[in-house]
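Take a look at the letters that make up each chain.
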Protein chains: 2
Amino acid sequence: MGATKAEHFTAKQNKIAAMIKALGHPARIAIIEYLMKVNVCICGDIVNELPLSQATVSQHLKELKSAGLIKGNIEGNAICYCIDEKAINTLSEYLQAISQRITTTKNCC
Amino acid sequence: MGATKAEHFTAKQNKIAAMIKALGHPARIAIIEYLMKVNVCICGDIVNELPLSQATVSQHLKELKSAGLIKGNIEGNAICYCIDEKAINTLSEYLQAISQRITTTKNCC
DNA sequence: AATCTTTATCGTAATATTGCAATATACCGA
DNA sequence: TCGGTATATTGCAATATTACGATAAAGATT
């Protein structure tokens, strides 16, 4: 035991959970917020922005990328990262749907 | 090593990351979706809805609760769970803010 | 009181994540 | 070509998560 029993859930549930999980770490939140703040694709200086080693940052970027939350374009020597608009929209809409549904018909608690 | 270096990030980043992390598991997504679907506070049958043992479900509920995503009221013998509207709204608004910001001024990629 | 039902907790095994130093890879400019 | 810069990968230790059986706790029912 110990591994998540993904086979018991729907593909959509697993997909959404994977995207959300990728966001669920302060370092990765900080990366996303930085990319949002600078508002352009950023080549290079993400490592300098974070209080973590280069290896660790690289790993976090890899996770964000494999979850589809960011994109990385090779730009000569450096790599240019930016937020994947579509992915963030998917998450945003998912949460909005829940939010709206519970707001319109709350019953107790 | 191994533990998240929470002290290097802002309180807000840690808080948001914790809430998002709590959602980042298919079982917990399934719990939230079920609570949303039935649209009322549910006493009792969450365990029967999930393909996991009672102990495991109880643990997932505990995590959702300690992250503030759900509320649980003791109702005699059983416990009545429902989604915490405020928490979901917080997450929803957080993602919407990112979404809007990157949509209005995308530059490359 | 004895038992049933519902939920929580403990203990434990399996697995995953986090973080970093060291190293590798790959493009760049001199 | 050689060194410099940027990023990725590997290997490892520390820690966290996931899952479940067993058991506990507490109200409900008989």
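The following refers to the structure shown. The written sequence of each chain sets the order in which its residues are numbered from 1. Each chain takes a letter, starting from A, and each ligand takes a number, starting from 1, following the order in which they are written. Owing to the predicted nature of the model, reporting of local features is limited to residues with pLDDT of at least 70; listing and counting of side-chain atom pairs is limited to 80 or more, with chain, interface and lining totals taken over all residues. Hydrogen atoms and water are omitted, and side-chain values are computed over all heavy atoms in the structure.

Overview of the overall build of chain A
Starting at the N terminus, helices and strands are each numbered in turn, a helix being any DSSP run of H or I of at least four residues and a strand any DSSP run of E of at least two. Counting its secondary structure elements, chain A contains five helices and three strands. Listing every helix and strand of chain A by position from the N terminus yields α-α-β-α-α-β-β-α. Radius of gyration here uses only the C-alpha atoms, and the compact-globule reference equals 2.2 Å multiplied by the residue count raised to the power 0.38. Expected size for 109 residues packed as a compact globule is a radius of gyration near 13 Å; at 17 Å, chain A overshoots this value by more than 25%. Dimensions of chain A along its principal axes, counting C-alpha atoms only, are 55 × 35 × 25 Å. Looking at chain A as a whole, 43% of its 109 residues are labelled buried. Contacts: residue pairs with any heavy atoms within 4.5 Å of one another. The long-range fraction of contacts in chain A, counting pairs at least 24 apart against all pairs at least 6 apart in sequence, stands at 51%. Accessible surface for chain A amounts to roughly 5900 Å². Of this, 52% is attributable to carbon and sulfur atoms. The cut-offs for exposure are 20% and 50% of the maximum accessible area for each residue type, with area from a 1.4 Å probe on protein chains only; residues under the lower value are buried, those over the upper are exposed, and the others partly exposed. Here, Shrake-Rupley sampling with a 1.4 Å probe gives the accessible areas, and only protein chains in the shown set may cover a residue.

Description of the packing of helix α1 (residues 11-23) of chain B against helix α5 (residues 85-104) of chain B
Residues and elements named next belong to chain B. Interaxial angles span 0 to 180 degrees and are taken between N-to-C directions of axes, which are lines fitted to C-alpha atoms, for helices over the stretch in contact. Between α1 and α5, the shortest axis-to-axis distance is 11 Å and the interhelical angle comes to 105 degrees. Comparing the axis directions of α1 and α5 gives the class roughly perpendicular. Facing I16, M19, I20 and L23 of α1, the residues of α5 in contact are A87, T90, L91 and Y94. For this classification, Asp, Glu, Lys and Arg are treated as charged, while Ala, Val, Leu, Ile, Met, Phe, Trp, Tyr, Cys and Pro are nonpolar and the rest, including Gly, are polar. Residues of the contact of α1 with α5, tallied by class, amount to seven nonpolar, one polar and no charged. Should an angle lie under 35 degrees it is considered roughly parallel, over 145 roughly antiparallel, and from 65 to 115 roughly perpendicular; all remaining angles are considered oblique.

Points about the nonpolar core
Buried residues of nine kinds, namely Ala, Val, Leu, Ile, Met, Phe, Trp, Tyr and Cys, make up a nonpolar core once their side-chain atoms join them within 4.5 Å. I46(A), L69(A), I46(B) and L69(B) are the most contacted members of the largest nonpolar core, which totals 68 residues. The contact partners of L69(B), leaving out residues within four places of it in the chain, are M19(B), A22(B), L23(B), L64(B), I83(B), D84(B), A87(B) and L91(B).

Observations regarding the interface of chain B and chain A
Interfaces are often described in size by the accessible area the parts lose on coming together. Of the residues lining the interface, 50 residues belong to chain B; the matching set on chain A comes to 50 residues. Put simply, buried area is the surface a 1.4 Å probe can reach on two separate parts but cannot reach once they are joined, added for both. In this assembly, chain B packs against chain A so that about 4600 Å² is buried in total across both faces, 69% of it on carbon and sulfur atoms. The salt bridge criterion pairs a side-chain nitrogen of Lys or Arg with a carboxyl oxygen of Asp or Glu, the two atoms within 4 Å. Between the two partners, chain B and chain A, sit zero salt bridges. Between N or O atoms, a polar contact is any pair within 3.5 Å; within protein, one atom must be a potential hydrogen donor and the other a potential acceptor, and residues adjacent in sequence are included only when both atoms are from side chains. On inspection of chain B and its partner chain A, the count reaches eight residue pairs in polar contact (both at pLDDT 80 or more). Secondary-structure elements contributing two or more residues to the side of chain B that touches chain A are α1, α2 (26-38), β2 (70-75), β3 (78-83) and α5 of chain B. By residue number, the principal contributor to the side of chain B that touches chain A is α5(B), which donates 14 residues.

A look at the relation of the copies chain B and chain A
Superposition of the copies was done by least squares, using only C-alpha atoms of residues whose pLDDT is at least 70 in both. For the pair chain B and chain A, the best superposition has an RMSD of 0.0 Å and corresponds to a rotation of 180 degrees with a translation of 0.0 Å parallel to the axis. Accordingly, the operation relating the two chain copies is best matched by a two-fold axis. Comparing interface residues between copies, 100% of those in chain B also sit at the interface in chain A, which points to an isologous, same-surface contact.

Considerations on the pattern of salt bridges
All names here are of chain A. Within the structure shown, the criterion is met by two salt bridges over all chains. The residue E63 makes a salt bridge to R28 at a minimum N-O spacing of 3.4 Å. One end of the pair, E63, is in helix α4 (residues 54-66); the other, R28, is in helix α2 (residues 26-38), and 35 residues separate them in sequence. The partly exposed category is assigned to E63, whose relative accessible area is 34%.

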